[in-house]
Amino acid sequence: MGERMHDIRLSVNGVPHAATVPARRLLSDCLRHDLGLTGTHVGCEHGVCGACTVLVDGRPARSCLMLAVGAEGHELTTVEGLADPGGPLHPVQQAFRECHGLQCGFCTPGFLTLIAAYLEEHPDPTEAEAREAVAGNLCRCTGYTNIVAAVLRAAELRRAGPAAVPEPAVPAEERP
Amino acid sequence: MKPPAFDYHAPETLAEAVRVLAETAPHGSVLAGGQSLIPLLNMRLAAPRHVVDITRVPGLDRVGTGTGGVTVGALVRHTDLAADPAAAEAVPLLRQGLRLVAHPVIRNRGTTVGSIAHADPSAEMAAALALLGGEVRVANAAGTRTIAAADLFTGYLETSLERGELITAAFFPAQGPATGSAFAEVARRHGDYAVCGVAALVALDPDLRITGAKAAYLSMGPTPAVLDLTEAVAGLVPAHGPVAPGDSDRYAAAGDLAAARTGPDAAADIHATAEYRTHLARVLTVRALREAGAHAVSRATERAAAGAGRA
Amino acid sequence: MSTRMFGAPVARTEDERLLRGRGAFLDDLGPGALAAAFVRSPHAHARVVGIDAEDALDVDGLVAVYTHDDLSGPMAEPLPMLIPHPGIIDGRTPYALAKEYVHHVGAAVAMVVATDRYTAEDVAERIRVDYEVLDPVVGIEAAARADVVLHPGMADNVAAHHVQEVGDAPAAIDAAPNVLDLELDIERSACTPIEGRGVRARWDPADARLRVYSSTQTATGVRAAVAAKLGLGLGQVEVVVPDVGGGFGVKIVHPWPEELMVPWAARLLGREITWTEDRREHFVSAAHERAQRQRIRVGFDDSGRLLGLDVAILHDNGAYLPYGVIVPIVTSTQLLGPYKPGAYRVVFTSLYTSTVIVTPYRGAGRPQGVFAMERTMDAIADHLGLDRADVRAANFIRPDEMPYDQGLLFQDGRPLIYDSGDYPAALAAIKKLVDWDGFAAYRERALAEGRRVGIGLACYVEGTGPGPYEGGHVQVETDGTVRVATGLTSQGQGHETVLAQIVADELGIAMSDIVVTTGDTRRMGYSVGTFASRGAVTSGSAVALAARSVREKALRIAGEALEADPADLEIVHGRVRVKGAPATGMDIGTVAVLSNPLRYAFDDASRAATQFAGPADYDRAPVDPDDSPGLESAEYHSPLRCTFAAGMHAAVVETDPETAEIRILRYCVVHDCGRLVNPMIVEGQVHGGVAQGVAGALYERMAYDGSGQLLNASFMDFLIPYSSEVPAVAIDHLETPSPLNPLGVKGAGEAGVIPGSAVLAAAVEDAEGFPITAMPISPSDLFDLRRRFAAGEIAPLRRRAPRVPAQQQPGQERR
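Each chain has its residues counted from 1, running along the sequence as written. Chains carry letters and ligands carry numbers; both start at the beginning, A for chains and 1 for ligands, and go up in the order they are written. Note on the predicted model: pLDDT of at least 70 is required for a residue's local features to be given, and 80 or more for side-chain atom pairs to be given and counted; whole-chain, interface and lining totals, by contrast, use all residues. The basis for every side-chain value is the complete set of non-hydrogen atoms in the structure, without hydrogens or water.

K.L.:
Explain the domain arrangement of chain A to me, using residue names and the numbers behind them.
P.N.:
It is common to give the size of an interface as the accessible area that goes away when the parts come together. Residues and elements named next belong to chain A. If you check the domain split of chain A, you get domain 1 (5-81) and domain 2 (91-162). Whether two residues touch is decided by their heavy atoms; if any such pair falls within 4.5 Å, the residues are in contact. Facing 17 residues of domain 1, the contacting portion of domain 2 comprises 13 residues. Buried area counts how much accessible surface, traced with a 1.4 Å probe, disappears from two parts once they are put together, with both parts' losses summed. Overall, the association of domain 1 and domain 2 removes approximately 1000 Å² of surface from exposure, summing both partners, and the carbon and sulfur fraction of that is 64%. A pairing counts as a salt bridge when a side-chain nitrogen of Lys or Arg comes within 4 Å of a carboxyl oxygen of Asp or Glu. For the pair domain 1 and domain 2, the interface holds zero salt bridges. Distance and chemistry together define a polar contact, namely a pair of N or O atoms within 3.5 Å, with one atom able to donate a hydrogen and the other to accept it when in protein, and with adjacent residues in sequence counting only for side-chain atoms on both sides. Where domain 1 meets domain 2, there are six residue pairs in polar contact (both at pLDDT 80 or more). Helix and strand assignments follow DSSP, with helices taken as H or I runs no shorter than four residues and strands as E runs no shorter than two, numbered in order from the N terminus. Where the side of domain 1 that touches domain 2 is concerned, the elements lending two or more residues are strand S3 (53-56) and strand S4 (59-62). With three residues, S3 is the single largest residue contributor to the side of domain 1 that touches domain 2. Residue classes in the side of domain 1 that touches domain 2 are distributed as eight nonpolar, eight polar and one charged. Each domain span listed reflects an automatic or database assignment of domains. The classification used treats Ala, Val, Leu, Ile, Met, Phe, Trp, Tyr, Cys and Pro as nonpolar, Asp, Glu, Lys and Arg as charged, and all other residues, Gly among them, as polar.

K.L.:
A description of the interface of chain C and chain A should follow, citing residues and the corresponding values.
P.N.:
Chain C puts 63 residues into the contact, and the matching count from chain A is 60 residues. At the boundary of chain C with chain A, total buried surface from both sides reaches about 5200 Å², with 55% on carbon and sulfur atoms. Three residues, Leu19(C), Arg20(C) and Tyr118(C), lead the burial of chain C against chain A; their summed loss comes to 16% of the area buried on that side. Linking chain C with chain A are four salt bridges, by the criterion used here. A salt bridge links Arg32(A) to Asp27(C), with the shortest nitrogen-to-oxygen separation between them at 2.7 Å. On inspection of chain C and its partner chain A, the count reaches 28 residue pairs in polar contact (both at pLDDT 80 or more).

K.L.:
I'd like a rundown of the sheet that holds strand S6 (residues 135-140) of chain B, residues and numbers included.
P.N.:
Where strands meet in a sheet, backbone hydrogen bonds hold them as pairs that are either parallel or antiparallel. Residue and element names in this part refer to chain B. The five strands are arranged S4-S5-S10-S6-S7 in an open sheet whose pairing can be described as antiparallel. The open sheet is flanked by strand S4 (63-65) and strand S7 (143-148), the only strands paired with a single partner. Neighbour-to-neighbour, the strand axes of the sheet open up by a mean angle of 20 degrees, direction not taken into account. As paired strands, S6 and S7 are joined by six bridges and run antiparallel to one another. In this scheme, strands are said to pair when DSSP sees at least two bridges between them. Only the contacting stretch of a helix is used when fitting its axis, a line to C-alpha atoms as for every element, and angles between N-to-C directions run 0 to 180 degrees.

K.L.:
I'd like to hear about helix H18 (residues 756-768) of chain C, residue by residue, with values.
P.N.:
Residues and elements named next belong to chain C. End to end, H18 covers 18 Å across 13 residues, agreeing with the expected 18 Å (1.5 Å per residue, within 8%). Among the 13 residues of H18, 13 are classified as buried, and the element is accordingly described as predominantly covered. Following H18 by one or two positions, Gly769 has its phi on the positive side, about 90 degrees. Multiplying 1.5 Å by the helix residue count minus one yields the expected span of that helix. Throughout, exposure labels follow a simple rule: accessible area from a 1.4 Å probe, protein chains only, divided by the maximum for the residue type, with under 20% read as buried, over 50% as exposed, and the rest as partly exposed.

K.L.:
Go over the domain arrangement of chain C, please, and point to the residues and values.
P.N.:
Residue and element names in this part refer to chain C. Segmentation of chain C into domains returns domain 1 (32-134 + 191-285), domain 2 (292-466 + 640-813) and domain 3 (467-637). The straight-line distance from the C-alpha centre of domain 1 to that of domain 2 is 36 Å. The partner domain 2 presents 31 residues to the 30 residues of domain 1 that form the contact. With both chains or domains summed, domain 1 and domain 2 bury close to 2500 Å², and 71% of this area falls on carbon and sulfur atoms. By the criterion of area lost to domain 2, the three top residues of domain 1 are Ile83, Phe248 and Phe283, representing 23% of everything that side buries. Taken together, the links from domain 1 to domain 2 amount to zero salt bridges.

K.L.:
Quick one: what's the story with the packing of helix H17 (residues 679-699) of chain C against H18(C), residue by residue and with numbers?
P.N.:
Residue and element names in this part refer to chain C. Interhelical geometry of H17 versus H18 gives an angle of 50 degrees and a closest axis separation of 8 Å. Viewed along their axes, H17 and H18 adopt a mutual orientation that is oblique. Along this stretch, H17 crosses H18, giving a crossing that reads as right-handed. Taken together, the residues of H18 that come into contact with H17 (itself represented by Gly693, Val694, Gly696, Ala697 and Leu698) are Gly756, Ser757 and Leu760. Here the residues of the contact of H17 with H18 are counted per class, giving four nonpolar, four polar and no charged. We call two directions roughly parallel when the angle between them is under 35 degrees, roughly antiparallel when it is over 145, roughly perpendicular when it lies between 65 and 115, and oblique otherwise. Working rule for handedness: look at the near helix, and if it is turned counterclockwise from the far one by less than a right angle, call the crossing left-handed; if clockwise, right-handed.

K.L.:
So what's going on with the interface of chain A and chain B? Which residues, and what values?
P.N.:
Taken together, the contact between chain A and chain B spans 29 residues of the former and 28 residues of the latter. Summed over both sides, the interface between chain A and chain B buries roughly 2300 Å², with carbon and sulfur atoms accounting for 58% of that surface. At the boundary of chain A with chain B, the tally comes to three salt bridges. In this structure, the salt-bridge partner of Arg59(A) is Asp80(B), at a minimum N-O distance of 2.3 Å. For the pair chain A and chain B, the interface holds nine residue pairs in polar contact (both at pLDDT 80 or more). At four residues, the largest contribution of residues to the side of chain A that touches chain B is made by S4(A).

K.L.:
Residue-level account of the pattern of salt bridges, with values.
P.N.:
All names here are of chain C. The tally for this structure, following the rule as stated, stands at 86 salt bridges over all chains. Between Arg17 and Asp243 there is a salt bridge whose closest N-O contact spans 2.7 Å. With Arg17 in helix H1 (residues 15-19) and Asp243 in the loop between strand S11 (237-240) and helix H6 (257-269), this pair connects stretches of sequence that are 226 residues apart. Judged by its relative accessible area of 25%, Arg17 is partly exposed. In this structure, the salt-bridge partner of Arg548 is Glu506, at a minimum N-O distance of 3.0 Å. One end of the pair, Arg548, is in helix H14 (residues 535-562); the other, Glu506, is in helix H13 (residues 495-507), with 42 residues separating them in the sequence. Arg548 gets classed as partly exposed once you look at its relative accessible area, which sits at 33%. Residue classification places Glu506 among the buried residues on the basis of a relative accessible area of 16%.

Right, dumping it as C-alpha cells:
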C-alpha cells in the first residue's frame, strides 16, 4: 500500500529545490527534513506557537499549516535566508542579539521571519504596535520584554541603513 | 501529530473542482487557506480520503464591491479583504471583525469563505454574514445556487451545504450610509476565539435616532444567533461618551433581552461558565450597540458633511 | 587593563548560531534515523488485556513494534526512584512500556519504529489495545478519600507523608492573641517548553558503544540510567545534549520511558532511531506541577508578628513518584520566606492520582509555598487593620541575624540555613519602585473614573545552587584557544556566555578565544544537572577554580621560561607578561606548548616555543611527580549548603467592573541573587519567570475532567500568554553576595516565577474587596466570586468596605 509521491519544486531563499514527497507532507517537515533547512522549528503542529513561521511571498505563514505540495510556485523565505551565511546579521537578528531577545532560541526563527516582514510594512512602530506585532507567536523563555525591545531596535537599525555600524551592546573588549 | 495519508487533487478549473468533489463525496475535503483543516488533519481529528486543493482555481481570489454589497471569492484571504478600502467603506463590519480573527499570520493564509464554510460559532466572519443577512454562492455538479446566511448554519461546524458542493463566494450586503456597526468581544488571550462576542448593527433616521438595531452572537450556541434589538433602543440618539441616565436603562434592557434570548443556548467549557457567557452577552450587547450607534452617527454626519461640501 | 567581563551585560556567544538558524536541536540532527512513535493509553486507569498489531503489519515502512513482553532484565523492571526519602511510604514508578496497568491517559503502551514519523503514527493508529477500564482517581479530594485506590497492593493513595516541626506550633497558636484559618488551593500548570522532549540513539557495533542525544537537563544522569538499564558499562555510553529548546524542570526527570526505549531499540535493531515528542504527547506524557490544597492555622500578636504557624498540605503527585517528594519538601521549607515563623509545623501528604506525573517546574513547589505564606501575611494585615508591608517587615529576619538557621532540613537534605540577605532593604526598594505609599491616592483617582484597581506585594526566599557538586574543565590549546567544559546542560540560560565571562576574567583571555561546552559526557563525566537555579553557583564556581588553577600553572611555566617570579607576571589579552614590562612575555598558547614536554613542532605555536626551551636538567624527570602535562585543569565546586536568593514582587491590577477581565497595569521586581555575572542575562531570566508567574496566576491550568481526560491538551486551550498578556516588568537589583562560593553568586533562573500567584491574588483581592484563596483566577472565576460575594457567601475584607464602582450583576443591574 504505497503512498503516492509528488515531485515538487520549491523556491526557498531564492534557491530552487526539488523534492519527492507524499501529499500529506507538511511544509515544515519538507523544509526541515527534505531540504535540510532545520532553522525552521516545529513547536505545536497546530498553528498556535508560531515557531514554524516562514515567509510565503513575503508574508508570514505557519509552515505547519501548509502542505509542501501547496507551496509550489511561491517564494519561500526561512530564517536561513534572512542574512547571507558569511555576511552581517539581518537588522532583526542583530537587534535580537543586542537586546537579548532570545534565550533557548527555539521559537526565535519564527519571531525573526515574522518581524522582518512586519518591519517591511511598518518601518517605525511604537512600543505598543511592536508588542502587538509579535502577539501571535509564543516564547516560553523571554517574557517578550526583550523581543518587543528588539522590534524597536531593529526598526532603528533598518532606518540607519546597512552602512551604519551597529551599536555594541557591551563595552568592546580592548584588543592588544 | 502528522496528517494521515490522503489523495491530493489540485483542480485548475471550477468545473474540475466541482467534479472531483462530486466524485469523491463524502470523502473529500476542500483545502483553501488550510488554517482550519490542517490542524484537524495534524491531530488526526479529520481523515478525509481526498483533499481537494482549490487554490489553483482561477477567479476565486477577487473582492468585488458594488452598490449592493461586497462579494468575497473563496480564495480571498482575511488579510486581503481587510486591506480592501472599497469593501471597508461598503461594509465596515468586515474590517471591524477581521482584526479580531486570530492573529495576522493566520489571517495571511486563512480565507474568509473558508472560515464561513467551517461554520464555527465563534468565528467573526460567520457572525458578520449572519448579522448582515448575507448569502453564499455555491457551485455543484448541477450548476450553482445561493444559500442565505439564515439557512446556512445548521449546527456546530455544520452547514446546509450538500455533499460535493463548494462555496465559491460570500456576499455581504452593503450597510447603508446611516448605519453603524461594531464588534465587542471578550477573549482569554488576544487573538483567541471569543469567550463571548457580539457584532452589532445600528440604523439611524435623518434625525440620528435609532430605527433599527440587530446583534449577532459568537460562542453563545451552536450557530451564530442573530437578535433584533430594535424594540429596546428605538428612538435613542447614539452619542460618543457617557450615556444619559434615561438612555442607559434602554441599553440595559437590550442587554437583558440578549441575555434572556442567548443564555439558554450558552454552554460551559473550560474557559467560562454558561452564566458568565450569558453575563457577557448582556454587557457586550450594550457596549457593541453603543459603539455601533456612535459609528452610525459618525458615518451619517461624515456623509452629510461630504454632501454639504459638494453642494 | 582589560574590561572586566564579570558583571558586564555581555552579548551572548550562543546567539550567532541560533539567530542564523544554525542551532542544532534534537530534531535537527539530520537524516538517516528511523522514527519512533508510541501507542498511548486513552484511559486514565485501565488494565491492558491485549495488544494486537495485526492490522498494522502491512503498513509500508514499518520496522518494529514493541510491547512490555519484548523487554527483559532491568528494562522490564519499573523505572528507578531517583530521589528516595524517608517520608515515602510506597514509591511507585512506571515501566518503560505499560505492564498490565495504565495509570494515566498518555502512558506509553507500545513503541513503533518506522521509516519516518508519519508512518510510525499510521502504525500506532492501527494497533488495537484492549483495555479493561477501571475507575480513575482525579483530584486531590478523590485521592484523599481513596474510594478508588490507584496502585494494586496499596490500601490508599498516599505516596508519602512527612512532618517537620520547630517548636510546638499548635500550643503557640492556642496561646496567641489572634488566630486565623485559611484554606488555599492552587491548580496544575506545566513547564511547556516550546521544544518538547526528544531522544536519538545510535549503536556502534564495532566499538560496542552507544551514542545518545537527548533533550535533557542532565547528560550524566541519562548516561547512568541508560547504562544501568541496558546492562552497559558507563564507558560504553556517551550522552550528548544538543541545543535544547527550553526545559523549565520537566527535562530534569530521567530516564523517561522513551529515553530508555529509543537506545534499547537502536541497539537491538542496529539502526539509528529518533523520537521527537509532539505537542499532544508533551501534554499527556511529560510532567505537570503545582496542584496543592493547603490548610493553614496561624497565631500572631497585635503587631502581626507570627507566634505559631501550622500548615497541612495535600499534594497531587500524579500517577507515579519517579522524582520523589522534592516538590512538597520545597513547599514545606520555602514557605517560610524571609520570615521568622515562631513555632512551625508543616505536614504534607503526597497523593497518587490517575494523571500525568508531577515533578519540578521552575520554582518547584516554591510558588505554592509563597502563595501560602503571603496569603497568610495579607490575611493577618487585614485582620489587624495594618499595612500589608508593615506586617511583613515585622516578621523579617534581620541582616544582622544572618546566617539564619530555620531549624529544618531542605530539599538537599542539609540544614535550612540562610547564608545572607537584606530583606528590609528589599522591601524599601520594592515600595519605592511600585510607589506603594502613593497607591491610595492613585486608587482614589481611578475610582473617580469608574476604574477598579488594586495592589499586591509578595516576598520570597529561594534556596539555589544545591550540591552535591559540578565540575569545570579548562584547557588551553597551543593556538591560544581556551576550551571550557562543564557537565550540566543549557536550555537558554546563556551558560556558554556566563562561563566564558568568568574564565575570561580569571585567565585574562578574550571572550572570543573561549569555547564552552556543556552537557557532553565525553568532555565531563561527573555532573549532576541543571535545576534549582544552580548553574552559575556550581558550574560557575567550578570553572572559576579550574581557571585559577590553569592560571597558576601558566604563570609558573612562563616564569620558568622567562626567568621571572610568577608573582611578577600577569596575563593580559591572552599574553603572559612581566608586570611593568609588557614587551617581555609570551602568548598563553606558547605556555601550553611548554606545558607538554613532548614537543613535536606540529604548528607555529610549537615552533615559537622552541626559543623558550631551557637547558635540559638531567636531575629532573620531564614531568614532576606532582605535575601533569598540558595546560589544563579540572576542578569541582561542592557547596556546603544552598545559597539563598530573595526577592519581592509588587503588582497593580485593574479589574473590569463588568466583564471581570483582569489587567496588569504595573509589575515590579526587586531581586537579589548576590553578585550578577551578566545583568542582561539575569534580567532576561526574571522577565521569563515573571511571564510564567503571570501565566500560572491568570491563564494556565490543566483541566482534567472526571474521567481523567485532559481537556486542554493543545495550545488552543492551554493558554500560554502571548506578548499581549505579559506586562512590562520594572526591575531593581540588590546584590548581597553569598559567602558560600568563590564568586559570591546565588541562583537566578527560577526567581521570577515564584511569587506570581501570590502577588496577583493579593492585587485582585485588593481591587475586589474580598479574599482570593484559589489560583489561577480567570474572568469567569472572578465573575463567579463576585456573585457569591454579592450573595453574602464570601465575607468582605476588613480593611475597607469596598468603595468600588457598583458592578453589574445578573438581576441587579445598575439603573
